[in-house]
Amino acid sequence: MQKLVWSITAILCIMTTSLVAQVQFNPQIGVNFTDLSVEPQDIIGIDLKTQGKAGILGGADLRFGNTFYIQPGLFVMGSKIAYSVNNDEYEITRYGAKLKGLVGLKFGDSGFRFRVMGGPSYDFQLSINGENNPFFDEDEFKKGIFNFDAGVGVDVLFLTAELGYSWALSDTFDESLFANKPRYETIYFTVGIVLGE
């Protein structure tokens, strides 16, 4: 039993050393388009029409590993959703931070690499800004949202680009607010640089 424990410990140490030796730091900026999975339908019958608008995001991730890699990251974002009620139009901007814990695979050589990745993420809501917004109060939004993110990326020399999709696994609003429980769906595109091995 003791030999088995020592063997597993040695393998984990070798893997960890290998991953740390192949680490990259990737600062990025980009755009996002966030909408709701379904049109919010109020319990008392008010229907809202929503549409995603362009928002911004920026942050960085780390990549540990070569062909198989682990990709934790932290991004700040401002996502916008427009909505209309009885032909009156409004807009909400949600400011937050996204913490990612993805895993992925790389294909190609050091000059050109194609990547696929996926895994969980968590959005922390920092604030909601809705000018002249009569229907939503900041307290009606959930402060934290679990998501599943998946995407593809490409690295060309020291440049990187990534296209991803984020599916919310948590409801957007308090359960009592809307009968059909809308959830966020976000498409994002980032560009940045690759620093490290």
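Keep in mind that this is a model prediction, so the values were computed, not measured.

Rules behind the numbers
Residues numbered from 1 in each chain as written. Predicted model: local features only at pLDDT ≥ 70, side-chain atom pairs only at ≥ 80, totals over all residues. Heavy atoms only, no water. Helix = DSSP H or I, 4+ residues; strand = E, 2+ residues; numbered from the N terminus. Contact = heavy atoms within 4.5 Å. Pairing = 2+ DSSP bridges. pLDDT = per-residue confidence, 0-100. Buried < 20%, exposed > 50% of the residue type's maximum accessible area, 1.4 Å probe, protein only. Polar contact = N/O pair within 3.5 Å; in protein donor to acceptor, adjacent residues only side chain to side chain. 1 Å grid on protein atoms, 1.4 Å probe; cavity = no way out; pocket = protein on both sides within 12 Å on 5 of 7 lines; lining within 4 Å. Points joined across faces, edges and corners; volume = space filled by probe spheres on them. Nonpolar A, V, L, I, M, F, W, Y, C, P; charged D, E, K, R; others polar. Core = buried A, V, L, I, M, F, W, Y, C linked by side-chain atoms within 4.5 Å.

**Remarks on the overall build of the protein**
Now for step 1: Scanning the protein from terminus to terminus reveals one helix and nine strands.
Now for step 2: When the helices and strands of the protein are listed from N to C terminus, the series reads α-β-β-β-β-β-β-β-β-β.
Now for step 3: Of the contacts made within the protein by residues no fewer than 6 positions apart, 66% connect residues no fewer than 24 positions apart.

**Quick look at the pairing of strand E6 (residues 144-156)**
Now for step 1: Where strand E5 (residues 112-129) lies against E6, 13 bridges are found, and the strand directions are antiparallel. Within the sheet, the bridge partner assigned to Arg113 lies in E6 and is Asp155.
Now for step 2: Bridge count for E6 against strand E7 (residues 159-168) is ten bridges, and the pairing is antiparallel. Counterpart to Phe148 in the pairing with E7 is Trp167.
Now for step 3: The turn joining E6 and E7, which pair antiparallel and follow one another in sequence, is formed by two residues; a positive phi near 55 degrees is taken by Leu157.

**With respect to the confidence of the model for the protein**
Now for step 1: Averaged over all residues, the pLDDT of the protein equals 82, while 80% of them reach at least 70.
Now for step 2: Scored below 50 in pLDDT, residues 12-20 shows three contacts in the model against residues more than four places distant or in partner chains.

**Some details on the environment of Glu91**
Now for step 1: With respect to the helices, strands and loops of the structure, Glu91 is situated in strand E4 (residues 88-108).
Now for step 2: The exposure class assigned to Glu91 is partly exposed, which follows from its relative accessible area of 28%.
Now for step 3: Considered as a pair, Glu91 and Gly52 are 39 residues apart in the sequence and their alpha carbons are 9.7 Å apart.
Now for step 4: Among the polar contacts listed, one links the side chain of Glu91 to the side chain of Lys53, at a separation of 2.9 Å.

**Comments concerning the layout of surface pockets**
Now for step 1: As a volume, the largest pocket reaches approximately 160 Å³.
Now for step 2: Taken together, Gln24, Lys106, Asp109, Ser110, Gly111, Arg113, Asp155, Val156, Leu157, Val194, Gly196 and Glu197 form the lining of the largest pocket.
Now for step 3: Considered class by class, the residues forming the lining of the largest pocket number three nonpolar, four polar and five charged.

**Let's talk about the nonpolar core**
Now for step 1: Leu36, Tyr83, Ile92, Phe136, Phe141, Phe173 and Tyr184 are the most contacted members of the largest nonpolar core, which totals 14 residues.
Now for step 2: Of all the secondary structure elements, the ones that give two or more residues to this core are strand E3 (68-85) and E4.
Now for step 3: If one sorts the elements of this core by residue count, E3 sits on top with three residues.

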